[in-house]
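# Structural features, examined
As a plain string of letters, each chain reads:
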Amino acid sequence: MGNRRTAHLLKSRMSPRDTRTATLAEIVGFLDEYLDVDRFPDYPNALNGLQVDGPEQVGRFAVAVDASEAVIEAARDWADLLIVHHGLFWGGLQPLTGPHFRRIGLLVESGTAVYSAHLPLDGHPEVGNAAVLGRKLGFASLEPFGEYQGTHIGCRGTLEATPLADLAAALSVLTGDRVRTLPGGADTVTRVGIVTGGGASRLHEAAARELDVLITGEASHHHAIEAVELGVSVLLGGHYATEVWGVKAVMDLLENRFGIEGRFVDSPTGL
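Residues numbered from 1 in each chain as written. Predicted model: local features only at pLDDT ≥ 70, side-chain atom pairs only at ≥ 80, totals over all residues. Heavy atoms only, no water.

## A few points about the environment of Gly184
Keep this limit in mind: In DSSP terms, a helix is any run of H or I states spanning at least four residues, a strand is any run of E spanning at least two, and both are numbered starting from the N terminus. For each residue, the accessible area found with a 1.4 Å probe, counting protein chains only, is set against the maximum for its type, and the residue is called buried under 20%, exposed over 50%, and partly exposed in between. Contact criterion: two residues are considered in contact whenever any of their non-hydrogen atoms come within 4.5 Å of each other.
Relative to the elements of secondary structure, Gly184 occurs in the loop between β10 (180–182) and β11 (188–194). Accessibility expressed as a relative area gives 24% for Gly184, which makes it partly exposed. Gly184 has contacts with Ala227, Val228, Gly231, Val232 and Ser233, leaving out every residue within four places of it along the chain.

Now the structure itself:
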């Protein structure tokens, strides 16, 4: 079967006595409306919303960044519903063979439903990856940032004058991993933007907004050159590590709204 990533289904904070069930239709309808998935632009193969049907009643659900084979294996015997940021169909139309067949097969065998929210979960002002990370870093005056097809997939805000190295250290504490710095701007920062995952392409917008630093997950070689030329530093916290925040926030939201138990499936890629 080859080498596989591992995934760990983390325990919920809820007591089993506190849980009840909700219908899959109720949960999907709520998320579709709350995340505005029908009107939010995205990549053609994102297929936001319910991707795999499942049981009528949901008593337990899992959340994860990716709908990988490892994640599905970890969640399938426990969860009625799996909610992910990166869904199943990025390759578009493809035969049901190899890993794609195994993922779909595991879901069908277990009867686990899958719901995916990509860019709607990046840019949401409350549970979005960028907004949650910005609040955790202490940003003030959060506003939309990172334009994509007429909407925003990130946020920007302000800090009291902070050394760039200190901001990188604070981000490292949150992500649990080393943060790489692409220096380009001032050593002390106050105006910061976040577009999680692969958001380094928003460097030109960051410069136009006169931001001191852009926080994202990963970058390409040319972004290091652009950072210097545009005068904007970039902090790279890891694609995976900067995108755990949205699904975790959705987990808390659904637990509070429906009283059903959720767990986070941790399956880091190292990128």
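## Side note on the packing of aromatic side chains
Condition: A pair of Phe, Tyr and Trp rings is counted when the ring centres sit within 6.5 Å of each other, with Trp represented by its six-membered ring. The angle between the planes then sorts it: under 30 degrees is stacked, over 60 is edge-to-face, the rest tilted. Note on geometry: a ring has a charge over it if NZ (lysine) or CZ (arginine) is within 6 Å of the ring centre and within 35 degrees of the ring normal.
Counted according to the given criterion, the structure contains 4 aromatic pairs. Note on Phe30 and Phe258: the rings are 5.8 Å apart at their centroids and 80 degrees apart in plane angle, and the pair reads as edge-to-face. Taken together, the residues Phe30 in helix α1 (residues 24–35) and Phe258 in helix α9 (residues 245–258) connect sequence positions 228 residues apart. Each member of the pair Phe30 and Phe258 is classed as buried. Judged by centre distance (6.5 Å) and plane angle (65 degrees), the rings of Tyr43 and Trp90 are edge-to-face. Here Tyr43, found in the loop between α1 and β3 (49–52), pairs with Trp90, found in the loop between β6 (81–86) and α3 (98–110); they are 47 residues apart in sequence, far enough to count as distant. Exposure remark for Tyr43: the relative accessible area of 41% places this residue in the partly exposed category. Taken together, Phe30, Tyr34 and Phe258 form an aromatic cluster joined through their ring pairs. Directly above the aromatic system of Trp245 lies the positively charged group of Lys248, at a separation of 5.6 Å from the ring centroid.

## What to know about the pattern of salt bridges
Charged atoms that come close allow side chains of opposite charge to pair. Our working rule: One speaks of a salt bridge when a side-chain nitrogen belonging to Lys or Arg is within 4 Å of a carboxyl oxygen belonging to Asp or Glu.
One pass over the structure, following the stated rule, counts 6 salt bridges. In this structure, the salt-bridge partner of Arg76 is Glu109, at a minimum N-O distance of 3.6 Å. Here the residue Arg76 occupies a position in the loop between α2 (69–75) and β6, and Glu109 occupies one in helix α3, the gap between them amounting to 33 residues. Residue class for Arg76 comes out partly exposed when judged on its relative accessible area of 26%. Under the relative-accessibility criterion, Glu109 is labelled exposed at 63%. Glu261 is paired through a salt bridge with Arg263; the nearest N and O atoms lie 3.7 Å apart. The residues Glu261 and Arg263 share a single accessibility class, namely buried.

## Some remarks on the sheet that holds strand β7 (residues 113–116)
Neighbouring strands of a sheet are bound in pairs by backbone hydrogen bonds; such pairs are parallel or else antiparallel. The criterion, for reference: Strands are treated as partners if at least two bridges between them are detected by DSSP.
The strand order across the open sheet formed by 6 strands is β1-β14-β5-β6-β7-β3, and the pairing between neighbours is mixed. In this open sheet, the two strands that pair with only one neighbour each are β1 (8–9) and β3. Note that β3 and β7 share 3 bridges and pair antiparallel. Of the residues in β7, the one forming a bridge with Gly49 is Ser116.

## Thoughts on the pairing of β7
What counts, and what does not: Orient the strands so they point away from the viewer, and a crossover whose first-strand-to-second-strand path over the helix runs clockwise is right-handed.
Residues Ala113 and Tyr115 line one face of β7 and the alternating positions Val114 and Ser116 line the opposite face, and both faces are buried. Note that β6 and β7 share 4 bridges and pair parallel. Within β7, the position partnered with Val84 by the bridge is Ser116. Handedness of the β6-α3-β7 crossover: right-handed.

## Considering the packing of helix α5 (residues 129–136) against α9
Our working definition: Lines fitted to C-alpha atoms define the axes here, with helix axes fitted over just the stretch in contact, and angles between the N-to-C directions of these axes take values from 0 to 180 degrees. Between 65 and 115 degrees an angle is taken as roughly perpendicular, under 35 as roughly parallel, over 145 as roughly antiparallel, and anywhere else as oblique. The classification used treats Ala, Val, Leu, Ile, Met, Phe, Trp, Tyr, Cys and Pro as nonpolar, Asp, Glu, Lys and Arg as charged, and all other residues, Gly among them, as polar.
Packing of α5 against α9 leaves a shortest axis separation of 7 Å and a crossing angle of 90 degrees. Taken together, the axis directions place α5 and α9 in an arrangement best described as roughly perpendicular. Within the contact between the two elements, α5 uses Asn129, Val132, Leu133 and Lys136 and α9 uses Trp245, Gly246 and Ala249. Considered class by class, the residues forming the contact of α5 with α9 number 4 nonpolar, 2 polar and 1 charged.

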